[in-house]
Amino acid sequence: MGDKPAPRTALVTGATAGLGASFARRLAADGYRLVLVARDRQRLTTLADELADRHGVTVEVLDADLATDGGVTAVADRLRSVDAPVDLLVNNAGIGLNRSFRRTDEADELRLLRLNVEAVLRLTHAVLPGMVQRRQGRVINVSSVAGFGPLAAGSTYSASKAWVTNFSESIDMSVRHLGVRVMALCPGYVRTEFHERAGIRTSGSPTWLWLRADDVVADGLRDLARGRAVSVPDWRYKTLATVVRHAPHGLLRLAAGRPKSRE
Ligand SMILES: NC(=O)c1ccc[n+]([C@@H]2O[C@H](COP(=O)([O-])OP(=O)(O)OC[C@H]3O[C@@H](n4cnc5c(N)ncnc54)[C@H](OP(=O)(O)O)[C@@H]3O)[C@@H](O)[C@H]2O)c1
């Protein structure tokens, strides 16, 4: 009998809730060693203990605020480790805001950009050289269908996700021939803590719009294995994304303008 292959290591940001926790659970079940990142150390430790007990995998926790320079630097340093390299980076942590741009604080908008954009850029930049050198590695950047077009509600959010999708696809084009892949995962509405944290009311949205985090993660990992650079889970959102990507821009603006809930 040959030796078992060495376990791969995945680092997941925003691992304490929602999509990040689903990624952590699924990757642990698949035998990955994990590095879990979020701000709440207690929640990180509870999840790490649960996954180590259930799946017998090694789980590191790294409490870091990725909207701060120090937090991103600490995680970037971990990603550059030569002794314990990371094979899969999931840039998942992200936030939205519940007001239109006119009514938000500049500080909140900048915090969103630091987390949704700057952290994704810096962590991808930190992990890629090692991956390219080893001729293997994967990055999943969690984006959103909200990035496919303009949105009056949460305008900085949709702009940040447009950046994430374009960035991921562009970087993928530049590293694919070197054995490394970068994929943008673009879900629609997912039942997580996201909307509650942002103070966004969801009572008016139809139930059929909502996806389960575990299904989004399963679809995303399947698309990654298939070599997709952009993954849109669920046929309803695939259809929506196709329409949005090909619709006349004027029509998009009409459909996406002025929601009262976030005025
Ligand atoms: N839910 C949706 O409908 C939806 C749709 C499309 C895309 N997305 C995207 O999916 C990703 C995950 O969102 P989710 O829905 O799973 O949200 P969630 O349930 O609110 O979870 C967010 C996670 O990010 C962590 N986090 C928040 N701020 C952080 C910071 N400054 N530094 C480090 N970690 C931080 C949170 O943990 P701590 O509080 O402990 O830090 C938590 O683990 C986001 O990028 C979001 O934009 C969500």
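Scroll up to find the structure.
Quick look at the structure, then. (Residues numbered from 1 in each chain as written. Predicted model: local features only at pLDDT ≥ 70, side-chain atom pairs only at ≥ 80, totals over all residues. Heavy atoms only, no water.)

Here we come to helix α4 (residues 106-134). Structural remark: α-helix, 3.6 residues per turn; residues separated by three or four positions point the same way. With 29 residues, α4 should reach 42 Å at 1.5 Å per residue; the first-to-last C-alpha distance of 41 Å fits that figure. Following α4 by one or two positions, Arg135 adopts a phi angle in the positive range, close to 55°. (Helix = DSSP H or I, 4+ residues; strand = E, 2+ residues; numbered from the N terminus. Expected span 1.5 Å × (residues − 1).)

According to the stated counting rule, one finds three aromatic pairs in the structure shown. Ring geometry for Tyr157 and Phe194: centres 5.4 Å apart, planes at 55°, overall tilted. Of the two residues, Tyr157 sits in helix α5 (residues 155-175) while Phe194 sits in helix α6 (residues 194-198), which places them 37 residues apart along the sequence. The exposure class of Tyr157 is buried, given its relative accessible area of 16%. The class for Phe194 is partly exposed, based on a relative accessible area of 23%. (Phe/Tyr/Trp six-rings, centres within 6.5 Å; stacked < 30°, edge-to-face > 60°. Buried < 20%, exposed > 50% of the residue type's maximum accessible area, 1.4 Å probe, protein only.)

Relative to the helices and strands, Ala153 is located in the loop between β5 (137-142) and α5. Note on Ala153: relative accessible area 10%, which makes it buried. For the pair Ala153 and Ser100, spaced 53 residues apart in the sequence, the C-alpha separation amounts to 5.6 Å.

When its volume is computed, the second largest pocket comes out at roughly 370 Å³. Every residue lining the second largest pocket is counted, 16 residues in all, and those nearest its centre are Arg8, Tyr32, Asp87, Leu88 and Arg138. When residues of the lining of the second largest pocket are traced back to their parent elements, those giving at least two are β5 and α7 (213-225). In the lining of the second largest pocket, the residues fall into eight nonpolar, three polar and five charged. (1 Å grid on protein atoms, 1.4 Å probe; cavity = no way out; pocket = protein on both sides within 12 Å on 5 of 7 lines; lining within 4 Å. Points joined across faces, edges and corners; volume = space filled by probe spheres on them. Nonpolar A, V, L, I, M, F, W, Y, C, P; charged D, E, K, R; others polar.)

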